[in-house]
Amino acid sequence: MSRAEEAARRAELAAAQERGESQRAQLLIEEFVADARARGLPTEPLRATLYTGQSVKTDKVGWYLRKNHSLAIGDDGSYYVLTVPGGLRERFTGVKLTPSPPPLVVGKGGRDGESGSLSDFLAWRLAAE
């Protein structure tokens, strides 16, 4: 097997592992949404932050996962990263969010206190009623 074939195989295996983790994370999110609704945890309109630092409205509602409002779970069970590209137009019109594949570890590789298990973030949000 050539180096290129080995590299392609490793990339394929890594992508498959990432897809599996996202599927497991999605199950946690679906459970969270059901629990949040059962507890009557209110949703709120989600706001995103442009790369330039301005806060803008979005087309989604849900629950923030981080205190800095950089991640959220939509009421539709989607995982959203709330730091987005944009410019002057987005400051006035807002942004349309697209879901991201959810990770099992939020902020992997980040500083202490900024990363952790998705299940811990979801439990924190449920407890923060």
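These lines cover the structure that appears in this document, whether it is placed above or below. Note that the structure is predicted; figures quoted are calculated from it, not measured.

So, how was this worked out
Residues numbered from 1 in each chain as written. Predicted model: local features only at pLDDT ≥ 70, side-chain atom pairs only at ≥ 80, totals over all residues. Heavy atoms only, no water. Helix = DSSP H or I, 4+ residues; strand = E, 2+ residues; numbered from the N terminus. Buried < 20%, exposed > 50% of the residue type's maximum accessible area, 1.4 Å probe, protein only. Core = buried A, V, L, I, M, F, W, Y, C linked by side-chain atoms within 4.5 Å. Contact = heavy atoms within 4.5 Å. Expected span 1.5 Å × (residues − 1). Pairing = 2+ DSSP bridges.

### So, the overall build of the chain
Helix and strand counts for the chain come out as three helices and seven strands. Order of helices (α) and strands (β) in the chain, N terminus to C terminus: α-β-β-β-β-β-α-β-β-α. Overall size of the chain, expressed as C-alpha extent along the three principal axes, is 55 × 40 × 30 Å. The burial tally for the chain puts 33% of its 129 residues in the buried class.

### Focus: the nonpolar core
Core analysis: the largest hydrophobic core is formed by 16 residues, its most contacted members being F32, I73, Y79 and L118. Listed by contribution, the elements that provide at least two residues to this core are α1 (3–39), β3 (71–74) and α3 (118–127). Here this core takes five residues from α1, the largest share from any one element. Excluding residues that lie within four positions of it along the chain, Y79 makes contacts with I29, L65, L71, A72, I73, P99, S100, P101, P102, P103, V106 and L118.

### Concerning α1
With 37 residues, α1 extends 53 Å between its outermost C-alpha atoms, agreeing within 8% with the 54 Å of an ideal straight helix rising 1.5 Å per residue. Looking only at α1, the buried set comprises G20, E21, S22, A25, I29, F32, V33 and A36. For α1, the secondary structure elements touched by its buried residues are β2 (55–64), β3, β4 (79–81) and α3. Within two residues after α1, G40 carries a phi angle of roughly 75°, on the positive side.

### Quick look at the pairing of β2
Where strand β1 (residues 44–50) lies against β2, five bridges are found, and the strand directions are antiparallel. Across the sheet, the residue bridging to T49 is S55, located in β2. Pairing geometry for β2 and β3, over three bridges, is antiparallel. Across the sheet, the residue bridging to Y64 is A72, located in β3. With antiparallel pairing between neighbouring strands as the criterion, β2 and β3 make up a hairpin whose turn holds six residues, including H69 at a positive phi of roughly 60°.

None of this, on its own, says anything about what the molecule does.
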